[in-house]
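One-letter residues, chain by chain:
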Amino acid sequence: EVGAVCTISVYDDSDGQPYNEIWYTTTDGAITGPPGNSNSLIISNTYENGKGIIVLKDNVDALQNNAFWSRQTLKTISLPSCILSIGVGAFASCHNLIGERCFYSDENLRSVNLPATIVEVGDDAFSQSGITSVTWPGSCKIIGNRVFSNCTKLEGVILPEGVETIGERAFSGCTSLASVSLPQTLIEIGPSCFYRSGLVSVTLPSELTKIGEYGFKQCSDLLDVSILCDIPETALDLFIGCTSLKTLTVGDNVTAILAQRAFMQCSALEEVTFGQSLRQIAQFCFYECTSLKKLVIKDNLEEIGNSCFFSCTALEDLMLPESLKVIGSYAFSNCSSLSSVHLPSSLTQISEYTFRGCISLQSVTIPGSVKIVYENAFNGCNLRAVTIEEGVEQIMDGNFGTSIFAELVIPSSVMQICPLPVTVRKITCHGMTPPQLNYPYYLIYNTRGSDYGTLKGLRITVPASAYDAYVTANGWGGLAWCTYPDQEPDGEFSEPGVPGRDVTESDDNSFTL
């Protein structure tokens, strides 16, 4: 059997000048000596009786790219403390190498013990090898791109304090990697760093500031995630498709999740707890998390992005904090089990389609802090009760067409309102000026003023002094051409064209039309 040993060593010669030696031995002379540092001048290269020595003029503190490329007979190697970094492909295709080092595509490699002074491990150093474990020194700061990519036997990694950067796809495809301990010193995780790895749980440390896209994408065994740092915009699709993820905890110091689709299609996610400092959640963040039942949102949250919780079909109750100002479009659209929503008094707007298709939602109170409810915010909801507080100014079209409530009080602050459902039978208006109806001026959904007589028992109450304004306003005037339940106890309407002068002034100085 071919046996070989290669040792890089440092010594001082007689005149005190540092030199580097590369010693190598082989039983068949197949190794003629690795190139070492390509920038160093070779002073001498001797080989005799199966043993060779290369002497380099300059210190060797790094293994250059492809330094030991395809040394087929090399089986063991020992590197000294002077080595600070290992270049790309330094041990690539060393198929017989077994020992304490890292080699691209070496299926026989099992363990690595890095020297105490190493600072950086270069790109692809251990990629596609058979490595199962790594011992890291505290001196290591940078783990390059694809260093352990597709190392399917690597089982566990504990990165020491001092590591600052993990490169692109560094652990991608490590399907046996069930756990990784990320140090507090970690600043950057590259794109697709743990893509399709076997991680079961992960904690993102507080000092982490740079996160690439797809960082933990499709980690199908991942069950639990704890986040202690802000998630930047660059971390697109961070945990997308982690279909076994069940719980997510966001630490109290986290202020923002800015990455779009960060937890999109995590279909097993059941519970999310946000910390007390969180202010913003990005759009599509929890899109189609169809098992999400419990959502704990604490004070200080100010903005929920577009489609953030779209089609979270298991979500039943929603208690939004008093700090919330903006809910984005489609934010809770198609949450078909959502039956209870608390909208806080801090809210300034409800965007289009926010609660569209929430078919289990039966009641809602729109706080006075909301100035405008945009188009179709409640479209497709089967609302049985709607309360509009004083302060709301505009309710745009498409909000109540599918609702089934019978009564509505419109405060004086409302300047524009959408068509009301055909089920409504009692409308009370407190404004002296009729709210504007958009063309074609439907007050009742899909029903023109001349058709109001077909709505049995419809009653509208307005201030007495505002009667003339209402009966002449677009969309409102048709009501004055009918007699009213006050005059006909059985609730039947007369034919259109009967003058609407048979009105009764009530005790509160308002008229019932």
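The model shown is predicted, which means the values in this text are computed figures rather than measured ones.

1. Brief notes about the overall build of the chain
Phase 1: The number of helices and strands found in the chain is 1 helix and 37 strands.
Phase 2: Evaluated residue by residue, the chain yields a buried proportion of 52% over its 513 residues.
Phase 3: Sequence separation of at least 24 residues holds for 31% of the intrachain contacts in the chain that already meet a minimum separation of 6.
Phase 4: Looking at the chain as shown, the accessible area adds up to about 21,200 Å², and 46% of this sits on carbon and sulfur atoms.

2. Brief notes about the pattern of salt bridges
Phase 1: In the structure shown here, the tally under the stated rule is 3 salt bridges.
Phase 2: Its salt-bridge partner being Asp-124, residue Arg-146 comes within 2.9 Å of it at the nearest N-O pair. Of the two residues, Arg-146 is situated in the loop between strand S11 (142-143) and strand S12 (156-158) and Asp-124 in the loop between strand S9 (120-121) and strand S10 (133-135); the sequence distance between them amounts to 22 residues.
Phase 3: Assessed through its relative accessible area of 15%, Asp-124 is described here as buried.
Phase 4: For Lys-294, the salt bridge is made with Glu-271, and the minimal N-O distance between the two is 4.0 Å. Of this pair, Lys-294 sits in strand S23 (residues 294-296) while Glu-271 sits in strand S21 (residues 271-273), placing them 23 residues apart in sequence.
Phase 5: The partly exposed category is assigned to Glu-271, whose relative accessible area is 30%.

3. Considerations on the packing of aromatic side chains
Phase 1: Counted under the stated rule, the structure contains 19 aromatic pairs.
Phase 2: Seen in terms of ring centroids, Tyr-470 and Trp-476 are 5.1 Å apart; in terms of plane orientation they differ by 85°. Their pairing is edge-to-face.
Phase 3: Exposure remark for Tyr-470: the relative accessible area of 1% places this residue in the buried category.
Phase 4: Seen from the ring of Tyr-214, Lys-217 lies directly overhead, with NZ or CZ sitting 4.7 Å from the centre.

4. Some remarks on the confidence of the model for the chain
When pLDDT is low, close inspection of the predicted coordinates is not appropriate.
Phase 1: Here the chain averages 80 in pLDDT, and 69% of its residues register 70 or above.
Phase 2: The model gives residues 7-13 a pLDDT under 50, and that stretch makes 26 contacts with residues more than four places away or in other chains.
Phase 3: Across residues 27-39, confidence stays below pLDDT 50; counting only partners more than four residues off in sequence or on other chains, it has 38 contacts.

5. Topic: the nonpolar core
Phase 1: Counting 119 residues, the largest nonpolar core has Leu-204 and Phe-286 as the members making the most contacts within it.
Phase 2: For this core, the secondary-structure elements that each account for two or more residues are strand S16 (201-204), strand S18 (224-227), strand S19 (247-250), strand S29 (363-366), strand S31 (385-388), strand S33 (407-410), strand S34 (426-429) and strand S35 (459-463).
Phase 3: With residues up to four places along the chain from it excluded, the contact list for Leu-204 reads Leu-182, Ile-189, Ile-211, Phe-216, Ser-226, Ile-227, Leu-228, Cys-229, Ile-231, Leu-238 and Phe-239.

6. Topic: the sheet that holds strand S20 (residues 256-257)
Phase 1: In space, the 7 strands of this open sheet follow the order S20-S22-S24-S26-S28-S30-S32, with parallel pairing throughout. Each having just a single partner strand, S20 and strand S32 (394-395) make up the two edges of the open sheet.
Phase 2: As judged from the 2 bridges shared by strand S22 (residues 280-281) and strand S24 (residues 303-304), these two strands associate in the parallel manner. Looking across to S24, one finds that Ile-281 is bridged to Ile-304.

7. Re the sheet that holds S16
Within a sheet, adjacent strands bond to each other through the backbone by hydrogen bonds, running parallel or antiparallel.
Phase 1: Sheet architecture is open: 5 strands sit in the order S16-S18-S19-S21-S23, paired in parallel fashion. Whereas interior strands pair on both sides, the edge strands pair on one side only; in this sheet they are S16 and S23. Here the strands of the sheet are splayed against their neighbours by 5° on average, with no regard to which way each runs.
Phase 2: As defined by bridge partners, S18 adjoins S19 across 4 bridges and the pair is classed as parallel.

8. Let's talk about the environment of Gln-283
Phase 1: Here Gln-283 lies in the loop between S22 and S23.
Phase 2: Along the chain, Gln-283 and Asn-306 lie 23 residues apart, while their C-alpha atoms are 4.4 Å from each other.
Phase 3: Dropping the residues within four chain positions of it, Gln-283 is found in contact with Gln-260, Arg-261, Gly-305 and Asn-306.

How each quantity is defined
Numbers given to residues run from 1 along each chain, matching the order in which its sequence is written. For a predicted model such as this one, the threshold for reporting local features is a pLDDT of at least 70, and the threshold for listing and counting side-chain atom pairs is 80 or more; totals across whole chains, interfaces and linings nevertheless cover every residue. Working from all heavy atoms in the structure, the side-chain values ignore hydrogens and water. Here a helix means four or more residues in a row that DSSP labels H or I, a strand means two or more in a row labelled E, and each is numbered from the N terminus. Each residue is assigned to one of three classes by its accessible area relative to the maximum for its type, calculated with a 1.4 Å probe on protein chains only: buried under 20%, partly exposed between the two thresholds, exposed over 50%. A contact between two residues is defined here by any heavy atoms of the two lying within 4.5 Å. Only the protein chains shown count as cover for residues, with accessible areas throughout obtained via the Shrake-Rupley method and a probe of 1.4 Å. A side-chain nitrogen of Lys or Arg and a carboxyl oxygen of Asp or Glu constitute a salt bridge if their distance falls within 4 Å. In this analysis, rings of Phe, Tyr and Trp, with Trp reduced to its six-membered ring, are considered paired at centre separations within 6.5 Å, and the interplanar angle assigns stacked below 30 degrees, edge-to-face beyond 60, and tilted for intermediate values. Think of it as a cone above the ring: NZ of Lys or CZ of Arg counts as a charge over the ring if it is within 6 Å of the ring centre and within 35 degrees of the ring normal. For every residue, the predictor assigns a confidence score, pLDDT, that lies between 0 and 100. Side-chain atoms within 4.5 Å link the members of a nonpolar core, which is a set of buried Ala, Val, Leu, Ile, Met, Phe, Trp, Tyr and Cys residues. By the convention used here, strands pair only if DSSP detects at least 2 bridges between them. Axes, fitted as lines to C-alpha atoms, cover a helix only where it is in contact. Angles between the N-to-C directions of the axes lie from 0 to 180 degrees.

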